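Now for the letters of each chain:
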Amino acid sequence: MCFTKNSLTPQTNVTQVRAQLSGSHSQRRDAPADGGGQWRQKTDEQWRGQAQVREGERYEGRQHHGKETTPRGTCQTMCPARELRDRELQNCLHRFEMLAGTERDRKPRGDPFRAVKEYSRPAAGKDSTKPTDLRPPAVLLKTVCYLIDDIAASLHLQPWTEVYSFVFDRLRGVKQDMIIQRVSGLTCVAILERTENLSWLLDCYATGTGPHPNQEEMQALGLLYNLGSGRATQHIMELPKRLRSSPAVTLALSINRAFLERNPVRLLRLARRLNFLQSCALHRHLVAGGRDLLLIYSHGYSSRNCRFPLDELAQLLSLDTALAARLCQAYGVAVNQDNQLVFSKAAFTEPEQGKLHCKLYHNMVAEKQRDLSVRSIIHGCA
């Protein structure tokens with residue numbers, strides 16, 4: 001018996017499959033997302049960004065003794081003059097910050113137009129609230145634009161691992177200055193839309209006033225990243241109807257519904273309509289979606305005489321045939337010499353932790369990147 005694409009209607013013991021899905025769902029919430037296709041636990045801390053709140057609280061105790069107010073930065077350069085001088089003396093300048101022509105000197109000089117304040121961990125006895133060491137919101141926005149457009153998006157700076165490390169550290173420094181000064185408003189939103197602080201950004205949308213032209217895209221990204229989270233779903237449902245009915249949010253809601261209904265076929269089909277950034281947000285859920293699909297098919301097509309075309313499954317998973325075969329074999333689904341799958345509910349197994357990695361699904365995301373540059377990806381939604 002051979003099934004084609006138009007006859008994917010497996011008949012199975014629905015109660016048994018749901019029970020197995022439910023049991024596995026409760027087990028994998030506590031496991032890492034990249035370990036055997038397990039879902040990452042979606043805690044309140046992930047959704048609300050409590051790590052940022054705790055960091056802010058450390059500074060709050062220093063800012064409000066007596067009648068002191070929140071410090072306001074006066075530094076008008078991307079790197080405070082004192083820090084630049086100290087790092088020159090200590091020979092701690094990054095090569096991206098060195099003044100042209102001094103790179104080979106024993107102690108290179110820093111370029112005040114390229115040097116960026118480093119991230120510094122809060123330490124006892126260290127005053128992090130000096131106005132001359134803090135950059136005001138406008139300078140922080142300028143710094144973020146420089147890091148994105150001139151460093152991350154550069155076609156000449158290599159290798160990418162070094163570029164990423166530099167930008168990541170300096171963006172942490174930006175966030176630190178923002179927390180100390182309690183930056184808010186439209187400038188805060190403009191900064192966060194260009195960085196990785198999504199939970200903080202969504203809070204700004206909720207507590208601030210607009211206009212926020214990029215909010216539809218960001219709200220959709222938040223839900224796609226937190227599929228199945230009751231808090232994330234409730235947040236979306238409480239948005240104004242204009243936002244809730246926008247194309248990006250509507251698609252994210254449909255994917256979230258497919259996830260909650262344990263319908264991996266619909267989830268994977270809807271995922272094809274996502275753009276590159278949306279696919280990145282969904283990426284961490286794809287392994288578990290494939291796992292649920294194979295579990296359902298292992299019950300629905302469990303028969304000695306039943307064969308399922310491997311290329312049909314590969315198309316559904318958006319994988320090439322070889323990767324689809326590897327995925328099936330990892331879950332105990334046999335692939336015969338005719339490239340047909342032999343499903344068996346008794347043979348279905350969970351792969352060992354660490355054996356299966358989400359890199360199988362990187363192509364699904366990479367195909368949508370095509371010729372997009374870092375600059376176009378970021379400024380396409382921010």
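Asks: Would you mind showing me how to read the overall build of the chain here?
Replies: Per the secondary structure count, the chain includes 19 helices and 3 strands. The buried share of the chain, reckoned over its 382 residues, is 48%. When contacts within the chain are restricted to residue pairs at least 6 apart in sequence, long-range pairs at least 24 apart make up 69% of them. In the structure as shown, the chain presents an accessible area of about 19800 Å², 50% of it carried by carbon and sulfur atoms.

Asks: Explain the pattern of salt bridges here, please?
Replies: Two side chains that carry opposite charge are able to pair once their charged atoms sit near each other. A complete count under the given rule lists 14 salt bridges for this structure. Its salt-bridge partner being Asp177, residue Arg135 comes within 2.9 Å of it at the nearest N-O pair. Here Arg135 is found in the loop between helix H4 (81–89) and helix H5 (137–152), whereas its partner Asp177 is found in helix H6 (residues 160–181), with 42 residues between them in sequence. Accessibility assignment for this pair places Arg135 and Asp177 in one class, buried. Salt bridges here are not isolated pairs; linked through shared partners, they connect Glu83, Arg87, Glu97, Glu118, Asp169 and Arg170.

Asks: Before we go on, may I ask you to explain the packing of helix H13 (residues 264–271) against helix H15 (residues 286–300) in this structure?
Replies: Relative placement of two packed helices is described by the angle separating their axes and the distance separating the axes. Orientation of H13 relative to H15, taken along the N-to-C sense of each, is 140 degrees, at an axis distance of 9 Å. When the interaxial angle is binned, H13 and H15 end up oblique. Crossing angle aside, the handedness with which H13 passes H15 is left-handed. Contacts from Pro264, Val265 and Leu268 in H13 reach Leu286, Gly289, Asp292, Leu293, Ile296 and Tyr297 in H15. A breakdown of the residues in the contact of H13 with H15 according to their chemical character gives 7 nonpolar, 1 polar and 1 charged.

Asks: Got a minute to help me understand the nonpolar core in this structure?
Replies: In summary, soluble globular proteins display a tendency toward joint burial of nonpolar side chains. By size, the foremost hydrophobic cluster in this structure holds 83 residues, and its most contacted members are Met178, Ile255, Tyr297 and Leu313. With 8 residues, the single largest contributor to this core is helix H12 (residues 247–260). Counting 5 residues, the second-largest nonpolar core is a separate cluster that includes Cys79, Leu93, Met98 and Ala115.

Asks: Mind showing me how you'd approach a nonpolar patch on the surface here?
Replies: On the surface, a cluster of nonpolar side chains totalling about 350 Å² of accessible area is made up of Trp160, Tyr164 and Phe168. Tracing the backbone through its elements, the reader meets Tyr164 in helix H6.

Asks: Help me understand the sheet that holds strand S3 (residues 340–342) in this model?
Replies: Within a beta sheet, neighbouring strands are joined by backbone hydrogen bonds and run either parallel or antiparallel to one another. With antiparallel pairing, the 3 strands of this open sheet are ordered in space as S1-S3-S2. In this open sheet, the two strands that pair with only one neighbour each are strand S1 (308–309) and strand S2 (334–335). Relative to S3, S2 is paired through 2 bridges, and the arrangement is antiparallel. From the neighbouring strand, Val335 faces S3, where its bridge partner is Leu341.

Asks: Help me understand the side chain of Asp149, please; the structure alone is not making it clear to me.
Replies: Along the chain, Asp149 falls in helix H5. Accessibility expressed as a relative area gives 17% for Asp149, which makes it buried. In contact with Asp149, other than residues within four places in its own chain, are Ser154, Arg375 and His379.

Asks: Before we go on, may I ask you to explain the packing of aromatic side chains in this structure?
Replies: Where two aromatic rings form a pair, the distance of their centres and the angle of their planes describe that pair. The full count for this structure, using the stated rule, is 9 aromatic pairs. Between Tyr164 and Phe168, the aromatic rings sit 6.0 Å apart at their centres with planes inclined by 15 degrees, giving stacked as the arrangement. Of this pair, Tyr164 and Phe168 both sit in helix H6, separated by 4 residues, roughly a single helical turn. Judged by centre distance (5.2 Å) and plane angle (75 degrees), the rings of Tyr297 and Tyr301 are edge-to-face. For Tyr301, a relative accessible area of 1% gives the class buried. Following the ring pairs from residue to residue traces out a cluster consisting of Tyr297, Tyr301, Phe308 and Phe343. In this arrangement the basic side chain of Arg284 is found over the ring face of Tyr225, its NZ or CZ atom lying 4.0 Å from the centre.

Cut-offs and rules
Residues numbered from 1 in each chain as written. Predicted model: local features only at pLDDT ≥ 70, side-chain atom pairs only at ≥ 80, totals over all residues. Heavy atoms only, no water. Helix = DSSP H or I, 4+ residues; strand = E, 2+ residues; numbered from the N terminus. Buried < 20%, exposed > 50% of the residue type's maximum accessible area, 1.4 Å probe, protein only. Contact = heavy atoms within 4.5 Å. Areas by Shrake-Rupley, 256 points an atom, 1.4 Å probe, with all protein chains shown as cover. Salt bridge = Lys/Arg side-chain N within 4 Å of Asp/Glu carboxyl O. Axes fitted to C-alpha atoms, helices over the stretch in contact; angles between N-to-C directions. Parallel < 35°, antiparallel > 145°, perpendicular 65-115°, else oblique. Left-handed = near helix turned anticlockwise from the far one by under 90°. Nonpolar A, V, L, I, M, F, W, Y, C, P; charged D, E, K, R; others polar. Core = buried A, V, L, I, M, F, W, Y, C linked by side-chain atoms within 4.5 Å. Patch = residues over 30% accessible without salt bridge, like charges linked within 9 Å, V, L, I, M, F, W, Y side chains within 5 Å. Pairing = 2+ DSSP bridges. Phe/Tyr/Trp six-rings, centres within 6.5 Å; stacked < 30°, edge-to-face > 60°. Lys NZ or Arg CZ within 6 Å of the ring centre and 35° of its normal.

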